[in-house]
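Observations on the model geometry
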Amino acid sequence: MTAALGLTGNASSVHAEGRAARRLIEDARGQVARLIGVESKNVTFTSGGTEANMLALTPAIEAGGRKERCDRLFVSAIEHPSVLSGGRFAADTVEQLPVNANGEVDPLELERRIAKAERPFVSVMLANNETGAIQPIAAVADVVHRANGVLHVDAVQAAGRIECDIEKLGADLLTLSSHKIGGPQGAGALVRRGDIHLTEPLIRGGWQERGQRAGTENVAAIAGFGAAARAAHEAQQGDAVRMAGLRDRFESGLKAASSDVIIFSANASRLPNTTLFTVPGLKAESAIISFDLNGIAVSSGSACSSGKVQASHVLAAMAVEPALARGAVRVSLGWETTESDVESLLIAWNTVVSSLLKNRDKQGIAA
Ligand code: PLP
């Protein structure tokens, strides 16, 4: 990235400075392509995961050289808001798919629902950003393709943590975000497999990104994205095992400190780095402030919009009681998280729990 920031050339120019910028972009494209198991030409850089999702969700496709239109969009109820928005599909053609209490999509229910569409477009994420629950994408792909449909997979949270080989997943389109794999903010990609092309670019203008995404490239961010993709590709397996060990240690510490702790999606297969949990009566904001005072950055399971804390749509889709959902706290372990970080987290959690128990006693709330 530092090298890229020193370059003044525009990657579309033919002079030496332009060619140097182009080289950085194309190197990064190769690194991202290797992480997903595609050829470089199948990677379109965007400004991030949100833009890649918006680029993907369009009814206008080309398959086997023929222009076609998908008539309905099916998205799981636990998707990121950019997917829930329906992208460029008309609102009355978008349908949400339910999930079970573990936060998983049911391929049989999907099969039942898409039967009414002629050319369904389906978007199901590989792993959920709040619970970490991994979705049965290979089974979903099977159902979608038998129904002559197109499958888009938002792999923003999963990439770099679990394998994301597009062939094995069977996805036609796949979204990535640089900053979720340790790269800089402001870069992402839409990756394509095989025969499906999108015919409606989101941003029109110049011929950058083969006309799929006009505008001068953010060379430094793309170079950083490429470096992060290479690191993720090299380290994937080892990191996942180490992180899962730390996550398990954290969760057993949570259970030891509070017997009534609820770990959401505990019965689903989950990302190795994510734990979403609560105890009855917990206020997520107080827990987050208390962790922050101890130098630990955690999130609530709920989204904050216009200063108002809203209950998470993911937990609502899993039929979790709103009061419990409002107390959900999410811990995400990083590549550099150590055992001693987890111990500090548990010490901080013990403080949160003892003040919660005191308040419960004062207010006469049952555990
Ligand atoms: N998809 C998922 C599952 C996410 O978690 C996020 C971001 O949190 C996005 C998409 C959006 O990515 P970006 O922040 O790069 O726009």
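Refer to the structure above for everything that follows.
We now turn to the structure provided with this report. None of these values were measured; they are calculated from a predicted model.

**Quick look at the sheet that holds strand S11 (residues 262–263)**
Read across the open sheet, the 4 strands follow the order S11-S12-S16-S13; overall the sheet is antiparallel. Across the chains shown, the open sheet's two edge strands, defined by having one partner strand only, are S11 and strand S13 (299–300). Note: strand S12 (residues 274–278) against strand S16 (residues 329–332), 4 bridges, orientation antiparallel. Its bridge partner lying in S16, Leu276 is registered against Arg330.

**Regarding the site of the ligand**
Around the ligand lies a shell of 13 residues, among which Gly49, Thr50, Asp154, Gln157 and Ser177 are the nearest. Between the ligand and Gly49 there is a distance of 2.8 Å, counted from an oxygen atom to a backbone nitrogen or oxygen. One of the side-chain nitrogen or oxygen atoms of Ser177 is found 2.7 Å away from an oxygen atom of the ligand. Across the complex, the protein chains shield 85% of the 390 Å² of accessible surface that the ligand would expose by itself. In terms of residues, the shell around the ligand owes the most to one element, helix H3 (residues 49–56), which gives 3 residues. A breakdown of the residues in the shell around the ligand according to their chemical character gives 2 nonpolar, 9 polar and 2 charged.

**What to know about the sheet that holds strand S3 (residues 66–69)**
Strands pair in a sheet through their backbones, by hydrogen bonds, and they do so in one of two ways: parallel or antiparallel. As summarised here, the arrangement of the 3 strands in space is S3-S2-S10, forming an open sheet in which the pairing is antiparallel. One side of each edge strand has no neighbouring strand; the edge strands of this open sheet are S3 and strand S10 (196–198). Neighbour-to-neighbour, the strand axes of this sheet turn through a mean angle of 35°, independent of strand direction.

**A few points about the packing of aromatic side chains**
In total, this model carries 5 aromatic pairs according to the counting rule given. Ring centres 5.1 Å apart and planes at 90° place the aromatic pair Phe277 and Trp349 in the edge-to-face group. Linking Phe277 in strand S12 with Trp349 in helix H12 (residues 339–363), this pair joins segments that are 72 residues apart in sequence. Trp349 matches Phe277 in its accessibility class, with the two residues each being buried. Seen from their ring centres, Phe291 and Trp349 are 6.4 Å apart, and the 10° between their planes marks the pair as stacked.

**What about the environment of Val83?**
Position of Val83 among the secondary structure elements: in helix H4 (residues 81–84). Between the alpha carbons of Val83 and Met125 there is a distance of 9.2 Å; along the sequence they are 42 residues apart. If we skip the residues at most four places from it in the chain, Val83 touches Asn53, Leu57, Val75, Ser123, His152 and Asp154.

**What to know about the pattern of salt bridges**
Across all of its chains, the model carries 22 salt bridges by this definition. Between Glu109 and Arg112 there is a salt bridge, with the nearest N and O atoms lying 2.9 Å from each other. On the criterion of helical spacing, the pair formed by Glu109 and Arg112 is a turn pair, its members being 3 residues apart in helix H5 (residues 107–114). Put simply, Arg193 and Glu167 hold a salt bridge, and the shortest N to O gap is 3.5 Å. Taken together, the positions of Arg193 in the loop between strand S9 (188–192) and S10 and Glu167 in helix H7 (residues 166–169) put the pair 26 residues apart, joining distant regions of the chain. Accessibility expressed as a relative area gives 18% for Arg193, which makes it buried.

**So, unusual backbone geometry**
Positive phi, close to 65°, is recorded for Asn148, a residue that is not glycine. Along the chain, the position of Asn148 falls in the loop between helix H6 (137–146) and strand S7 (150–154). Judged by its relative accessible area of 42%, Asn148 falls in the partly exposed class.

**Examining the pairing of S3**
Taken together, the 4 bridges between strand S2 (residues 60–63) and S3 define a ladder with antiparallel strand orientation. Along S3, the bridge assignment pairs Ala60 with Arg69. Linking S2 back to S3 in an antiparallel pair, the connection comprises 2 residues, with Gly64 at a positive phi of about 55°.

**Things to note about helix H2 (residues 16–36)**
Between its terminal C-alpha atoms H2 stretches 31 Å, which fits the 30 Å expected from 21 residues at 1.5 Å a residue. Listed as buried for H2 are Gly18, Ala20, Ala21, Ile25, Ala28, Arg29, Gly30, Gln31, Val32, Ala33, Leu35 and Ile36. Of the residues trailing H2, Gly37 is marked for its positive phi of about 80°.

**Topic: the side chain of His152**
Along the polypeptide, His152 turns up in strand S7. At 2.8 Å, the side chain of His152 and the side chain of Ser123 are in polar contact. Apart from residues no more than four positions distant in its own chain, His152 is found in contact with Asn53, Ala56, Leu57, Val83, Phe121, Val122, Ser123, Val124, Leu173, Leu174, Thr175 and Leu190.

**A word on the nonpolar core**
Within the largest apolar cluster, 65 residues are counted, with the highest numbers of intra-cluster contacts made by Ile36, Phe45, Leu126 and Leu176. Both domains that meet at this core, namely domain 1 (2–231) and domain 2 (236–363), each give it at least three residues. The contacts of Leu126, once residues within four sequence positions are left out, are Ala133, Ile134, Gln135, Ile137, Val153, Asp154, Ala155, Ala158, Ile162, Glu163, Cys164 and Leu169.

Conventions we followed
In this convention, every chain numbers its residues from 1, walking through the sequence in written order. Given that this is a predicted model, residues contribute local features only at a pLDDT of at least 70 and side-chain atom pairs are listed and counted only at 80 or more, while totals for whole chains, interfaces and linings are drawn from all residues. The side-chain values count all of the structure's non-hydrogen atoms but skip hydrogen atoms and water molecules. For two strands to be treated as a pair, DSSP must find no fewer than two bridges joining them. Think of it this way: any DSSP run of H or I at least four residues long counts as a helix, any run of E at least two long counts as a strand, and we number them from the N terminus. Here, proximity means that at least one heavy atom of the residue falls within 4 Å of the molecule or strand. The term polar contact refers here to a pair of N or O atoms within 3.5 Å; inside protein, the definition further demands a hydrogen-donor-capable atom paired with an acceptor-capable atom, and it admits residues adjacent in sequence only when both atoms are side-chain atoms. All accessible-area figures derive from a Shrake-Rupley calculation using a 1.4 Å probe, and residue coverage is judged against the displayed protein chains alone. Gly falls in the polar group here, along with every residue not listed as nonpolar (Ala, Val, Leu, Ile, Met, Phe, Trp, Tyr, Cys, Pro) or charged (Asp, Glu, Lys, Arg). Lines fitted to C-alpha atoms define the axes here, with helix axes fitted over just the stretch in contact, and angles between the N-to-C directions of these axes take values from 0 to 180 degrees. Aromatic pairing here means that ring centres of Phe, Tyr or Trp (its six-membered ring) are within 6.5 Å. Orientation follows from the plane angle: under 30 degrees is stacked, over 60 is edge-to-face, and everything else is tilted. Accessibility here uses a 1.4 Å probe with only protein chains present; expressed as a share of the type maximum, an area under 20% marks a residue as buried, one over 50% as exposed, and anything in between as partly exposed. Contacts are assigned to residue pairs that have any heavy atoms within 4.5 Å of one another. A pair is scored as a salt bridge if a Lys or Arg side-chain nitrogen falls within 4 Å of a carboxyl oxygen belonging to Asp or Glu. Helices are assigned an expected span. That span is 1.5 Å times one less than the residue count. To form a nonpolar core, buried Ala, Val, Leu, Ile, Met, Phe, Trp, Tyr and Cys residues must be joined to one another through side-chain atoms within 4.5 Å. These domain limits were set by an automatic method or by a database of domain assignments.

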